[in-house]
Amino acid sequence: MNAKNKHPFPFFVGVNNLEDLANKNTRVCVMNILGGESKSVTPTSHAYSGGNVVAGVQYGRSGSEMETPIGNVPVFGSVKEVIDAGIEFDTGVIYLPPTAVNHAVAELCANNKGLKKIIILTEKVSVYDAKMIRYGAQQRGVDVFGANCLGIANAHDQVRVGGALGGDKPEETLKPGSIAVYSNSGNFSTTMTEYLKVAGYGTSTVLSSGKDVIIHFGFAEFLYCAENDPRTKAVLCYIEPGGYYEKVALDMIASGELKFTKPIIACVTGRWKNNLSRACGHAGAMAGGGDDAESKEGWFDAFTGVGLFSEKNPTVSKKGVRIASIQDVPGAVAAVLKELGQEPDFEPLGDLSLKPWFSNHHDINYPESLNLTAVKAVSPYDEQIEKVSRQVGAQLPREGMRNRSGATMMNPATQVTELYGKPLLELVEYPYGKSAIFALTRVMPTDAEHKLGNALLNAYIALAAEDMSTSQKGRANHATPNAYIAAEVLLAGQNDQIKAVEKNINSLIDLFYVRTGNDVSLNSSKLDELLAQSVDLAQCENSEKQKAIAQHLLTIGREKGVENLFTAYAAAALEKNSALCALSLALAASLLTLEWKSVTGRRITRKNAVEIGTHLSMFGIIVASAPAKPAENAHWAALHSMAEPKVLDRDYTESLFQILFNREGKENEVFALNAMLNLTITNGPGTISAKGAKESVSAKNNISVTYAGFMTNTGIAHGGNGFEAVAFLMDVFKDFNPYTTDSKEKTEKLKQLAHHRADQWNQYKKQAKLEGNMNYEKIPCVNHPVFKDKPKNIDPREDFIWGLFEKRGTVNPFQEFYHYLVEELFAVGATKNIFCVNIDAVIATISLDLLWKDMQAGKIQESEMQDIVFIMFLFARMVGTAAEVCDHRARGTDMDCRTPAGQLSFVV
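The model shown is predicted, which means the values in this text are computed figures rather than measured ones. (Residues numbered from 1 in each chain as written. Predicted model: local features only at pLDDT ≥ 70, side-chain atom pairs only at ≥ 80, totals over all residues. Heavy atoms only, no water.)

Considering the sheet that holds strand β12 (residues 234–239)
Then step 1. Within the open sheet, the seven strands sit side by side as β9-β8-β11-β10-β12-β13-β14. Their pairing is mixed. For this open sheet the edge positions go to β9 (159–161) and β14 (320–323), each flanked by a neighbour on one side alone. This sheet shows a mean twist of 15° between the axes of neighbouring strands, independent of strand direction.
Then step 2. Judged from the five bridges that link them, β12 and strand β13 (residues 264–268) form a sheet pairing that is parallel. Counted as the bridge partner of C237 is A266 from β13.
Then step 3. Relative to the sheet, helix α2 (residues 36–48) contacts β8 (151–154) and β9, its axis offset from that of β9 by approximately 150°. (Pairing = 2+ DSSP bridges. Helix = DSSP H or I, 4+ residues; strand = E, 2+ residues; numbered from the N terminus. Axes fitted to C-alpha atoms, helices over the stretch in contact; angles between N-to-C directions. Contact = heavy atoms within 4.5 Å.)

Thoughts on helix α22 (residues 582–600)
Then step 1. Its 19 residues place the ends of α22 25 Å apart at the C-alpha level, agreeing with the 27 Å of an ideal helix rising 1.5 Å per residue.
Then step 2. Largest kink in α22: about 55°, centred on L594.
Then step 3. The element α22 is extensively covered by neighbouring structure, given that 18 of its 19 residues are classed as buried.
Then step 4. R602 lies just past α22 and shows a positive phi near 60°. (Expected span 1.5 Å × (residues − 1). Bend = angle between axes of the 7 residues up to and from the residue. Buried < 20%, exposed > 50% of the residue type's maximum accessible area, 1.4 Å probe, protein only.)

Digging into the environment of P356
Then step 1. Inspection of the secondary structure assignment puts P356 in the loop between α11 (329–339) and α12 (381–389).
Then step 2. Each C-alpha atom, one on P356 and one on A573, is 39 Å from the other, the two residues being 217 residues apart in sequence.
Then step 3. Residues within four places of P356 in sequence aside, it is in contact with L372, T373, A374 and V375.

Concerning unusual backbone geometry
Then step 1. Residues G146 and A147 are joined by a peptide bond in cis, for which omega reads 0°.
Then step 2. By the secondary structure assignment, A147 is in the loop between β7 (143–145) and β8.
Then step 3. Backbone torsion omega between S379 and P380 reads 5°, so that peptide bond is classified as cis.
Then step 4. Take P380: it is sitting in the loop between α11 and α12.

Details of the packing of helix α9 (residues 245–255) against helix α10 (residues 293–304)
Then step 1. Running from N to C, α9 and α10 cross one another at 20°; their axes reach a closest spacing of 10 Å. By the angle between their directions, the pair α9 and α10 is classed as roughly parallel. With respect to the hand of their crossing, α9 and α10 are arranged in left-handed fashion. When α9 is examined against α10, the residues E246, K247, L250 and I253 are found in contact with a partner set consisting of K296, W299, F300 and F303.
Then step 2. The residue makeup of the contact of α9 with α10, split by class, is five nonpolar, no polar and three charged. (Parallel < 35°, antiparallel > 145°, perpendicular 65-115°, else oblique. Left-handed = near helix turned anticlockwise from the far one by under 90°. Nonpolar A, V, L, I, M, F, W, Y, C, P; charged D, E, K, R; others polar.)

Here we look at the state of the cysteines
Then step 1. Inspection of every chain in the model, using the stated rule, returns one disulfide.
Then step 2. Each disulfide pairs two cysteine sulfurs, and for C540 the partner residue is C581, the sulfurs being separated by 2.3 Å. In this structure the cystine formed by C540 and C581 twists about its S-S bond by roughly 60°; its chirality is therefore right-handed. Of this pair, C540 sits in the loop between α19 (524–531) and α20 (544–560) while C581 sits in the loop between α21 (565–576) and α22, placing them 41 residues apart in sequence. (Disulfide = S-S within 2.5 Å.)

Some points on the environment of I681
Then step 1. Note on placement: I681 falls in the loop between α26 (667–679) and α27 (688–698).
Then step 2. Note on I681: relative accessible area 0%, which makes it buried.
Then step 3. Residues I681 and V535, spaced 146 residues apart in sequence, show a C-alpha to C-alpha distance of 38 Å.
Then step 4. Apart from residues lying up to four places away in sequence, I681 is in contact with L419, L424, L427, Y432, S435, A876, R877, V879 and G880.

Some remarks on the domain arrangement of the chain
Then step 1. Taken as a whole, the chain is organised into domain 1 (18–26 + 90–339), domain 2 (423–675 + 702–708) and domain 3 (722–780 + 782–837).
Then step 2. Each of domain 1 and domain 3 was reduced to a C-alpha centroid, and the two centroids are 72 Å apart. (Domains from an automatic or database assignment.)

Examining the sheet that holds strand β17 (residues 422–423)
Then step 1. In space, the three strands of this open sheet follow the order β15-β16-β17, with antiparallel pairing throughout. Since the sheet does not close on itself, it has two edges, and those belong to β15 (408–410) and β17, each with one partner.
Then step 2. Looking at chain direction, strand β16 (residues 417–419) and β17 are connected through two bridges and run antiparallel. Bridge pairing in β17 links E418 to P423.

Details of helix α14 (residues 432–441)
Then step 1. With 10 of 10 residues buried, α14 is to be regarded as a mostly interior element.
Then step 2. Of the positions making up α14, those classed as buried are Y432, G433, K434, S435, A436, I437, F438, A439, L440 and T441.
Then step 3. Directly after α14, the chain includes R442, whose backbone phi takes a positive value near 70°.

Quick notes on a nonpolar patch on the surface
Then step 1. A cluster of nonpolar side chains, W357, F358, V375, V378 and Y381, forms an exposed patch at the surface whose accessible area comes to about 480 Å².
Then step 2. For V375, the location among the structural elements is in the loop between α11 and α12. (Patch = residues over 30% accessible without salt bridge, like charges linked within 9 Å, V, L, I, M, F, W, Y side chains within 5 Å. Areas by Shrake-Rupley, 256 points an atom, 1.4 Å probe, with all protein chains shown as cover. Salt bridge = Lys/Arg side-chain N within 4 Å of Asp/Glu carboxyl O.)

See the structure below:
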């Protein structure tokens, strides 16, 4: 027993009771009072405590003031200035960087003879400095709390000193009561006080002890003060691994050195830290040498005489109990105090059930126990949430999106590109029309929605299938497909039809969202309510063709099972007002049917939702521009005339097939085209086609220009590689028809052709290098900038298609030839390893397989074949472009694709 201070410690402890730690007589000086953390905390503490902060120190800012709700606090340039001004304080609070803390402690001790306590909020004070602080404070007779703590709170006196115990509204969190709280975690100091209220208990004093390596006011000192505190009936502590402070205290009690007669409810956590070799989280929370979580559990179990408290084992003793999680705080505290015959401090307040302010089940049917319902938030958050909840669509922060994407990525583990997290290999067997809608809505359409999607995609081809003179002129001038199709797209601009659809989508979102939320299922009373509202919808005259498309879209819902309030409203509104633009309203209603889940579920932004029709319009122009002789293409002509509206119901991939090849496709042919298109949608935001679109968005262009940007960033080396490959394969197979030979003979012939071409190219390459020509012509569709450094390289996309065709019993002789060719190139020494057959080969070989018979019969020219191959690539990438453009328009900033000057270099 220390005779001078009447306590059992062989060192200075100036406080004898928990009330002494902080009370209504405490006067505070805050070091670094105008620093970031102090500015957000000190005014609240000062007001809550009735004005206990008498001064602050901010080096170099003498004469300043800190504003608080109950008056300003004077700020001085040093502690000496505070004392010289006649201001007295007994407690110093330190908000300074770790290296400055020791100096601040020394300054406080040297200049204030009335100093009794110092509270250090700073984390990771060095062990050396902590030792110096300990030595200096002990010599001076000052109690130190921390470091890395959130201070002290006394709910009875309504005083808070130091950090943010009790949060922004300590008067609501800190209720007076009989439980003393000691916690290694600052945040859990507050959380546990909230949990105590659920059982009807408040707090006497709350101490956030801190968890730096050295804790200046340890568990033993706290228990000593708690024993002497008449307000305190029990101690609740939160203990992390690292340090022997708790063992010292419990051993002192066991030996009789420290008198302690009250129960301890101890939450010991951190078993997961057992195997760490360095600190994680709090600097002192690293176990080693017997102070891990399991060891500490044993110390408390030995003290209380019982094991772990739980719902299944609610056993406690009069000495207390150990818990594994703070969720058990209410039950354990109530059980221990009931064992002692003690009543709660007040009626229980609230419960620990989850009360989410937001809830979104994402169409997943959870069990009832997990099916959480949102509750009204506390003020002022309830008003803010109400305001935000009326906003439709995702609210994304604007940021630079150069070389970044929220739509696509190349998975580094699989080297397979993903669209919204779905690998392209998974998309292969989806109908391409589903993929097109998925790229725009981020939600895969149902089968019924897919049928409506087909009708919309075909409708936009039909609307574009008019005057193709621009693209036809480009063909006549021998322009490549990306050039003459981009010209048609550019001329679309922001035409009246696009603007009318966007206007109607905007108006319908405003009309519907506040009245229906995300439920637009057919409801007659709701429909009457909607029709009674005044809405600004586009008006125009429609052609017979446009009327036929509108009528078919509005009736298809009933036939395909997707009729809803949107389509019913559009049909009724058109009957009511014949001046409305039937086509734009039908398109808007149908598009909203497909995207409503996405926009109300905040998967896409409102801007994306409004612009979806603009993207489909671009798809329509690209597809309608594809035929070499549109009027002679039966499917194009049917869409152009719209004599039979049922043509809109055709599967989108079948439509693309007929536009490309001017004939009905067989099942395996349509499957091959569908697989190739899905597999080629994107190769991530780094491809030059994607960058062309993203850079155009960055320049703040209309959507039509962004699609032209993607196409002008394709070419013979990117997209047109398949274009070159057709010419290459035509030359290889000029004297051999692989479809007129039996299987065994064909295999041998393919190997011979591969060996011959590999040897020929090897000789050509050697000669070119001898002549100093390093820009010699490469073999198209072999090798890839990503899949290139292994002994045998594989493009997983091409390999997947190869395997898929094998499973279906389909053999493409041209793709088979390519596999023999890469082997032979390595065998003859032309390549240092076995190159991959890349995805462009799939485009070329599928195209050639589909066109071979027509070519042999003289129905199609070689130049037309090469165009078709290029166009197939454009058909695929237009969907990937839609995803990138939507994402960049939703997230990006103007000029964000500009290359900084520091990344540029001049080449002499």
